[in-house]
Amino acid sequence: MNIGVNAVDVNTVDIDIGACEARVLLTRSDLIRPATLRPPGKRSMRMSASAPERYTQELKRDLKLWENVSLVVSAVTPATGAFIIAPVLFGLNGTGAPLTFVIAAILGISLAFCWAELGSAYPIAGGDYTFVSRILGRGAGFVSLVLSGPVQAVLIPAVVALGMAEYLRVVIDIDANVLGAIILLSGMVIAIFGVRLNALAVAALLVIELLAVVLVSVLGFVKANRSVSVLFSPEVIGDGGTRPLTFGALIAGIAVASFAYNGFQGALLYSEETVGERKNVARAVFIALGVAIACEVLPVAAALLGAPSVPDLVASANPWQYFLTAIGGDTFNTIISLGIAVAVLNAVIALMPFFARILYSSGRDMAWPRPVSRSLAKVHPKYGTPVVATIAVGVAGALIILVTDVETLTTWVGAVLAIEFILVALSAIVGRVRQPNQDRPYRMPLWPIAPVVAIVMSIGVLTQQEPSDLAVAGGLVLIAVLYYVFYLRPRVHTHMLTLDPVLYDEGKGSTESSGSAQQTTHISQN
């Protein structure tokens, strides 16, 4: 028998089963699991509910394109790349840091074409894992979920908050790890109060962030102490003097530089909250990457040209404070460091909803045991934000901050990102082959050049990683595969769901509105 069910928040449905009658209460979560019907006076009867064809609009859709871009650019965190990641590259690649950022930008542009096409075709809040699941299979999708969701959700905000703490210590004498944890928890609280409020807040702070980047860049170029040629003859500076930067070290550094660019794909995560045509997702991806490239390459090059001593800059525990103090003195360093700290605070605020949406989507798709999934999928009734997922990101990041350091976290993330990039690029290739009729509002030009370049560069990056970093990334992949094989695959009909996305109709409103969605599913008797 077939029974029509309207997918509103709570429904009471009358069902005839032969001579028996049953009343069933179905909540939205019941639509993705078997339903139990209990006819009066009869033994309970198990019925299975097939998943609805389309997600229900639960997140509040009110982001304009520029608000999406401001959130994404802030999540890319230009200040983080320049002021937190670049010091790590100074230590690894010396004067080759700007060149490393340029080469990493080639990888970023290749991936941008992939994300723009895939994101406009699959506008789902979960980001990477949602299209990887639909193209490469659910097993690969869950690996992508683990790498882009829980792992990065813990590591990346922790790196940013720790970096901000280092700059705040010029005026606050407190342990950087403790201060970083406080910063992260503060960002978590702000993120709960609505994505549009977040967008407006980060837009204001983004202005300060970009001003700090521009000011440092101008100072470096105006007060240059050496010619631009130093940027094209990269050298690594250590205790034994200088030596040319090797090709292998340059490729290894791309993983760290890629971390600085990571985040421009965040436009996909807000696709269920962004108004307008689906091409807006692609536009936001390219705009965010363009801003990120300019904000990483220029200030790093300016620092190398303007620093009184390159060896002292590279060897400094905080290269930017050395640079600012050398140019303008202690007071100038304090003022600019506070500006940098405010800029990085912007990143923390932006990263909370960024990763919370991945966890929210994974809960909605039942990627975890039922109690965990239901908790992660909860949306705040007033603010329309994934409240439990946001709290999970904040608390987990704060805990890891207390036990590790920026450099360790950064190198771990580099190896994880390289694997994730390969999955994304493979999806861009296989998707065109397996799903030639899939609606793609944006189609990359010269396919498949961009994804092939991304795969080759990502494999090159992996070959140059430290064994310990590869072991961490490999261990995470193995855990994800085992979890999928032994837990998710046997529950294929109720877990790791792949429903159709919620679409927005020509800027007039979503195809379904929150609280009044009229989806239809069917319950079939076993």
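Further up the page is the structure itself.
Reading the values: the criteria
- In this convention, every chain numbers its residues from 1, walking through the sequence in written order.
- Local features in this predicted model are restricted to residues of pLDDT 70 or higher, and side-chain atom pairs are both shown and tallied only at a pLDDT of 80 or more, whereas totals for entire chains, interfaces and linings draw on every residue.
- Side-chain metrics in this entry use all non-hydrogen atoms of the structure; hydrogen atoms and water are not considered.
- Helical segments are the DSSP runs of H or I of at least four residues, strand segments are the runs of E of at least two, and each set is numbered from the N terminus.
- Relative accessibility thresholds used throughout: buried, under 20% of the residue-type maximum; exposed, over 50%; partly exposed, between the two (1.4 Å probe, protein chains only).
- Contacts are residue-level and defined by heavy atoms, with any inter-residue pair within 4.5 Å sufficient.
- Shrake-Rupley sampling with a 1.4 Å probe provides the accessible areas, and residues are treated as covered by the protein chains on show and by no other component.
- The salt bridge criterion pairs a side-chain nitrogen of Lys or Arg with a carboxyl oxygen of Asp or Glu, the two atoms within 4 Å.
- Every axis corresponds to a line fitted to the C-alpha atoms, with the helix fit spanning only the stretch in contact, and the corresponding angles, defined between N-to-C directions, vary from 0 to 180 degrees.
- Note on angle classes: values under 35 degrees are labelled roughly parallel, values over 145 roughly antiparallel, values of 65 to 115 roughly perpendicular, and the remainder oblique.
- Note on convention: the crossing is left-handed when the near helix lies turned anticlockwise from the far helix by less than a right angle, right-handed when the turn is clockwise.
- Gly is placed with the polar residues, together with every amino acid not listed as nonpolar (Ala, Val, Leu, Ile, Met, Phe, Trp, Tyr, Cys and Pro) or charged (Asp, Glu, Lys and Arg).
- The aromatic pairing rule takes the rings of Phe, Tyr and Trp, using the six-membered ring of Trp, and pairs them if the centres are within 6.5 Å, calling planes under 30 degrees apart stacked, those over 60 edge-to-face and the rest tilted.
- We count Lys and Arg on the positive side and Asp and Glu on the negative side, and we leave His and both chain ends out.
- Residues enter a patch when their relative accessible area is above 30% and they make no salt bridge; the linking distance is 9 Å between like charges and 5 Å between nonpolar side chains (Val, Leu, Ile, Met, Phe, Trp, Tyr).
- Side-chain atoms alone can form a polar contact between residues adjacent in sequence; in general such a contact is a pair of N or O atoms within 3.5 Å, and within protein one must be able to donate a hydrogen while the other accepts it.
- What we call a nonpolar core is a set of buried Ala, Val, Leu, Ile, Met, Phe, Trp, Tyr and Cys residues that are connected through their side-chain atoms within 4.5 Å.

A. Inspection of the overall build of the chain at higher detail. Along its length, the chain carries 16 helices and eight strands. Looking at the chain residue by residue over its 526 residues, the buried ones come to 58%. The contacts of the chain with a sequence gap of at least 6 include a subset with a gap of at least 24, amounting to 78%. In the form shown here, the chain has an accessible surface area of approximately 20200 Å², with 63% of it arising from carbon and sulfur atoms.

B. Structural detail: the pattern of salt bridges. According to the stated counting rule, one finds six salt bridges in the structure shown. The partner of Glu272 in a salt bridge is Arg364, with the nearest N and O atoms 2.8 Å apart. With Glu272 in the loop between α8 (247-261) and α9 (279-306) and Arg364 in helix α11 (residues 319-364), this pair connects stretches of sequence that are 92 residues apart. Residue Glu272 is classed as buried on the basis of its relative accessible area, which comes to 0%. Accessibility expressed as a relative area gives 9% for Arg364, which makes it buried. Residue Arg278 is joined to Asp439 by a salt bridge in which the shortest nitrogen-to-oxygen separation is 2.3 Å. With Arg278 in the loop between α8 and α9 and Asp439 in the loop between α14 (406-434) and α15 (449-463), the pair connects residues that are 161 residues apart, well separated along the chain. Exposure remark for Asp439: the relative accessible area of 43% places this residue in the partly exposed category. Among the charged side chains, a salt-bridge network with shared partners connects Glu117, Arg432 and Arg440.

C. Just the packing of helix α3 (residues 97-121) against α8, in detail. For the pair α3 and α8, the least separation of the axes is 8 Å and the interaxial angle reads 70 degrees. As far as their axial angle goes, α8 and α3 are roughly perpendicular. Crossing geometry of α3 relative to α8 is assigned as right-handed. Here Leu99, Thr100, Phe101, Val102, Ile103, Ala104, Ala105 and Leu107 of α3 lie close against α8, whose contacting residues are Leu250, Gly253, Ile254, Ala257, Ser258, Ala260 and Tyr261. Class assignment of the residues belonging to the contact of α3 with α8 gives a composition of 12 nonpolar, three polar and no charged.

D. Structural detail: the packing of aromatic side chains. Considering all chains together, one arrives at 10 aromatic pairs under this definition. Ring geometry for Phe113 and Phe286: centres 5.3 Å apart, planes at 65 degrees, overall edge-to-face. A residue pair is termed long-range when its members are at least 10 positions apart, and Phe113 in helix α3 and Phe286 in helix α9 qualify at 173 residues. By relative accessible area, which is 29% here, Phe286 ends up partly exposed. Seen from their ring centres, Trp115 and Phe421 are 6.0 Å apart, and the 85 degrees between their planes marks the pair as edge-to-face. With a gap of 306 residues between them, Trp115 in helix α3 and Phe421 in helix α14 connect regions that are remote in the sequence. Residue Trp115 shares its accessibility class with Phe421, and that shared class is buried. A network of ring pairs unites the aromatic residues Phe142, Trp368, Tyr483 and Tyr487 as a single cluster.

E. Representation of the side chain of Asp365 in the model. Its location among the elements puts Asp365 in the loop between α11 and α12 (370-376). Although Asp365 is buried, it makes no salt bridge; Arg364 carries the closest opposite charge, 4.6 Å away. The residues touching Asp365, leaving out its near neighbours within four places in the chain, are Tyr55, Tyr129, His495, Met496 and Leu497.

F. Fine view of a nonpolar patch on the surface. Nonpolar side chains collect at one region of the surface, where Val178, Ile182, Leu185, Ile391, Val395, Leu399, Leu402 and Val403 lie side by side and expose about 670 Å² of accessible area between them. Breaking the nonpolar patch down by element, the ones donating at least two residues are α6 (176-192) and α13 (387-401). On the secondary structure map, Leu399 appears in helix α13. Taking the relative accessible area as the measure of exposure, Leu399 reaches 54% and is therefore exposed.

G. Structural detail: the side chain of Ser309. Considering the arrangement of structural elements, one finds Ser309 in the loop between α9 and α10 (310-315). In terms of polar contacts, Ser309 uses its side chain to reach the backbone amide nitrogen of Asp312, at 3.3 Å. In contact with Ser309, other than residues within four places in its own chain, are Arg226 and Tyr322.

H. Quick peek at the nonpolar core. Counting residues in each nonpolar core, the largest one holds 153 residues, and the members touching the most others are Phe101, Phe131 and Phe142. The element best represented in this core is α11, accounting for 17 residues. Each residue touching Phe101, except ones within four places of it in the same chain, is listed here: Gly81, Ala86, Leu89, Ala257, Ala260, Tyr261, Glu296, Val297 and Val300.

I. Expanded view of the packing of α3 against α15. It is the contact of α3 with α15, at a shortest axis distance of 8 Å, that shows an interaxial angle of 135 degrees. Taken together, α3 and α15 sit at an angle that is classed as oblique. Viewed along their axes, α3 and α15 form a crossing whose handedness is left-handed. The segment α3 lies against α15, with Ile103, Ile106, Leu107, Ser110, Leu111, Phe113 and Cys114 engaging Ala450, Pro451, Val453, Ala454, Met457 and Ser458.

J. Geometry of unusual backbone geometry. Between Trp447 and Pro448 the backbone carries a cis peptide bond, its omega angle lying at 5 degrees. Within the secondary structure, Pro448 is located in the loop between α14 and α15. With phi around 55 degrees, Leu446 is a residue other than glycine that occupies positive phi space. Topologically, Leu446 is positioned in the loop between α14 and α15.

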